[in-house]
Amino acid sequence: PTGRPPAEGRAAPAAARRAFAPYAAAADEADDDEAEDEEGEDEEEGDSEDGEDSAWVAVLLAALLPLLSDALPRDHSGVCIIPHPHEMEKQEASICIAGSGRTFFRTNKICDNCGQRIQDRFFFHCSANCDIDFCQECYRKSQELLAAFLERSGDEDRSAMNSRLFWVIDVIERVGYHVLRRSAVQRARLARELAFEWPASMFERLVQVAIDVINAKVVHVQDVKDITSDSRFWYAVGWLQFLYSANALPCGTRRLGEQGSRGPRLEYERFILEGINKCEPLSEFQRWRKHPSAQVPDVLALERFSLSADFCSFLTHSNLVPVSFRRVCLLCDVWEQLQQAGRTHPLQLEVPREPRALLEAVLAAFRGLEDSELRRPLRPTFAGEEAIGPGVMKEFFQVALRSFLGGGGGCGGGDDDGTAQPAVRLFKCNGHRRTYWFDEEASSSHDAFRACGILLGQAVLNNVLVPNIFPRVLYEMLLRDLESPCARPLGLQDLAVVSEDIAHSLQRVLDYPGEDIGRVFGDLGWSRTGRVPAGCHLTQANKVDFVQAYVEWFFSDRIACQFEPLSAGFRAILGGSSLLRSMVDAVQLEKIVCGGAVPIDAAAIRHGASHEGWTPEEQAEYLPMFWEVLASFTEAEKVQFVVFVTASDRVPLRGWQDLGLSVQKNGVGDDRLPTAYTCFCQLLLPRYTSRERLRASLLSAIANSEGFGLR
């Protein structure tokens, strides 16, 4: 439940309001036309004045931070909300009778909190006739949340609480306006101050405050027909983009004594606005379609910042939009195309459960169909079974994908006469990383790879998530084939994910300092890449070009027979999506196809684990304590543990119970840390004298071991 109070209701804590007063007058201009204000601004700023201004802004933010942090109530999913400023009136829906005689309630309303159609007898509507409606359940929960928050906050009453909440929002909107209206030099100085001088914990709190404010207002803003009208809100979004850019500054910085550049201060996922999931995807997609070329703005690179129609769209800020929301918008895009082409009639597919026979049935169904015939929803059923619906759909994709990965021996392609070829393996499993990559010997399995690509696209079209078993570089390659501007050049780090030995060999070439590099390494097959001039030999001056040529050849010519048909099948289903071609990067595409990370299930890992070298007494007392300690870890610590023992954070194809962890006793005493053999998924665990020592040693071990985690 969100909204904005009347202006006179924005009282602020007196001391904090006085501290912010110097910026209040300037920020109030944000509701005016910015174009009229910019003509007279002085563009010449001295370096000392820039530095002083940035320092004072940083000091002001630090002073305000305790008043702004964790200042807004949160719903049950942890997303901040603000109360609607007007009373909500209880209203009764119309009673209708269906043809079958069943009665139902019709409201023609959508709940602004859960996004579901309101079908209750009673619902709540804004007394001032704002376009705000809540179902009974969401209204009840919101009132409980606000009442509990009021009790915790110590405010005198609801009115005092509301004044404080909206003051917090007002401050962030003013901060955004003030910072973004500064010169590019001033913005850059402030960004560096926050990125390099502020403690990481303070910077994280500052980011969270901006996220909380935007999450709290986002639903209300989307309910307004002209979402550009609330310029204050979009300055708050611009402020978060400023923090996002500042967060990335350490990535390009290397200090004396450091071996490489740093990573971002915070993980980029920390900037995601989960409140956008409460918005209506179709409406937002239709807004974005009016300016599909809009890109994520780099507010640090702009000489002069101003709001525009492109900027005032949620999907423009793709780095802040949850993948789940983007996935639904992608479905809106694809389904709209299907409806326009009249291709909503489903493609019926009946398959047996036996893996080899299932593959043959899928190949037979897809063989000979044009892309236009494939671009429609799939409706699979299992032979001899009456069940249909979402459950069958999910089960089909799970069974079919496992079959393609080798569960039934794989499947060949087809000859021109349609006869099946002998079974071959399509993909090789990298057990170390728990991923699958193309089997280069399957060069004649064109139809099978095309069918696999079709299934990946159909899974998205039918809103089914598939197991995350392909490396991220595959999604980079799919985007490259779509000519997406979000596709990045492939490098040695991508090759290391699918062929670690070759990557290590090429890295040795890059690391070798001697002038005899050509003689030492000889011909590693450079000429076959077709990207090295004839007669050109490896030298220190061209070694980077040689290695990059090899990488490009590896991901193109070497696996062309396998990847090209798979990519063609994927494009047949989703290639027409303008949103996919322009607004989705490889990380996001991977999550659209596979969903987010699967939470680590310690109980399931324990169920599939084995124990070696422990006495019956230790198995009865000590090992249960170990599993209890593991279960008590935070999600991030559990991920670190899994990477520590397996070198990967990927869930096994059949779930965490198939991790196959072996917990082996490794002596007694508190003077050693746990170790692991990642190749065997084996944890060497000493017996410690106490639970506390066990927990501390485990955390120390996983925190100080990077492993080869796949990201």
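This is a predicted model, so every value here is computed, not measured. (Residues numbered from 1 in each chain as written. Predicted model: local features only at pLDDT ≥ 70, side-chain atom pairs only at ≥ 80, totals over all residues. Heavy atoms only, no water.)

## Some remarks on the sheet that holds strand β1 (residues 88–92)
Selection criterion: What makes two strands pair is DSSP finding at least two bridges between them. Note on conventions: DSSP H or I runs of at least 4 residues are helices, E runs of at least 2 residues are strands, and numbering of each starts at the N terminus. Angular values range over 0 to 180 degrees, each being the angle between N-to-C directions of two axes fitted as lines to C-alpha atoms, with helices fitted over their stretch in contact. Only heavy atoms enter the contact rule, under which two residues are in contact if any of them lie within 4.5 Å.
Here three strands make up an open sheet; going across it, the order is β1-β4-β5 and the pairing antiparallel. Only two strands of the sheet have a single neighbouring strand rather than two, namely β1 and β5 (133–135). Strand-to-strand twist in this sheet, taken as the mean axis angle between neighbours without regard to direction, amounts to 30°. Inspection of the sheet shows β1 paired to strand β4 (residues 122–126) by five bridges, in the antiparallel sense. By the bridge assignment, K90 is partnered in β4 with F124. Most of the contacts of helix α4 (residues 136–153) go to β5, to which it runs at about 95°, and overall it touches β1, β4 and β5.

## Description of the sheet that holds strand β13 (residues 682–687)
Sheet strands pair via backbone hydrogen bonds, and the direction of the pair is either parallel or antiparallel. Read from one edge of the open sheet, four strands run β10-β11-β13-β12, paired in mixed fashion. The open sheet has two edge strands, β10 (610–612) and β12 (675–677), and neither has a second partner. Along the sheet, successive strands turn relative to each other by an average axial angle of 30°, direction set aside. Sheet topology note: the β12/β13 ladder contains three bridges and is antiparallel. Its bridge partner lying in β13, Y677 is registered against Q682. Sheet strands in contact with helix α24 (residues 616–631) are β10, β11 (662–668) and β13, and its direction is about 115° off that of β13.

## Examining the packing of α24 against helix α26 (residues 691–703)
The condition is simple: Relative orientations are named as follows: roughly parallel for angles under 35 degrees, roughly antiparallel for angles over 145 degrees, roughly perpendicular for angles from 65 to 115 degrees, and oblique for any other angle. Less than a right angle of anticlockwise turn of the near helix away from the far helix marks a crossing as left-handed, whereas a clockwise turn marks it as right-handed.
At a minimum axis separation of 10 Å, α24 and α26 run at an interaxial angle of 50°. Overall, the two elements α24 and α26 adopt an arrangement that is oblique. In terms of crossing hand, the pair formed by α24 and α26 is right-handed. Mapping the contact onto sequence places Y622, M625, F626, E628 and V629 in α24 and R691, L694, R695 and L698 in α26.

## Some details on the pattern of salt bridges
Selection rule: Should a side-chain nitrogen of Lys or Arg be within 4 Å of a carboxyl oxygen of Asp or Glu, the pair is scored as a salt bridge. Buried, partly exposed and exposed residues are distinguished by accessible area as a fraction of the type maximum, computed with a 1.4 Å probe on protein chains only: under 20%, between the cut-offs, and over 50%, respectively.
Scanning the entire structure with this criterion turns up 33 salt bridges. The partner of R531 in a salt bridge is D557, with the nearest N and O atoms 3.7 Å apart. In this pair, R531 is assigned in the loop between α18 (517–521) and α19 (543–554) and D557 in the loop between α19 and α20 (560–574), connecting sequence segments 26 residues apart. Note on R531: relative accessible area 35%, which makes it partly exposed. Residues joined by salt bridges that share partners form a network here, namely E137, R140, K141 and E144.

## Quick notes on the nonpolar core
How we decide: For the purposes of this section, nonpolar cores are sets of buried Ala, Val, Leu, Ile, Met, Phe, Trp, Tyr and Cys residues that join through side-chain atoms within 4.5 Å.
Judged by nonpolar contacts, the single largest core of 165 residues is most densely connected at W239 and F242. Here W239 is in contact with L61, I172, V175, G176, V179, L180, L194, L206 and A210, once residues within four sequence places are set aside. Counting 31 residues, the second-largest nonpolar core is a separate cluster that includes A604, Y622, M625 and L694.

## Observations concerning the packing of aromatic side chains
Two aromatic rings are characterised by how far apart their centres lie and by the angle between their planes. Test applied: Within 6.5 Å between ring centres, the rings of Phe, Tyr and Trp (the latter by its six-membered ring) count as paired, and their orientation is classed by plane angle as stacked under 30 degrees, edge-to-face over 60, tilted in between.
Evaluation of the coordinates by the stated rule reveals 27 aromatic pairs. Here W437 and F555 contribute two aromatic rings whose centre-to-centre distance is 6.1 Å and whose plane-to-plane angle is 90°, an arrangement assigned as edge-to-face. Here W437 is found in strand β9 (residues 435–438), whereas its partner F555 is found in the loop between α19 and α20, with 118 residues between them in sequence. Among the residues examined, W437 registers a relative accessible area of 9% and is labelled buried.

Keep in mind these numbers describe shape, not what the thing actually does.
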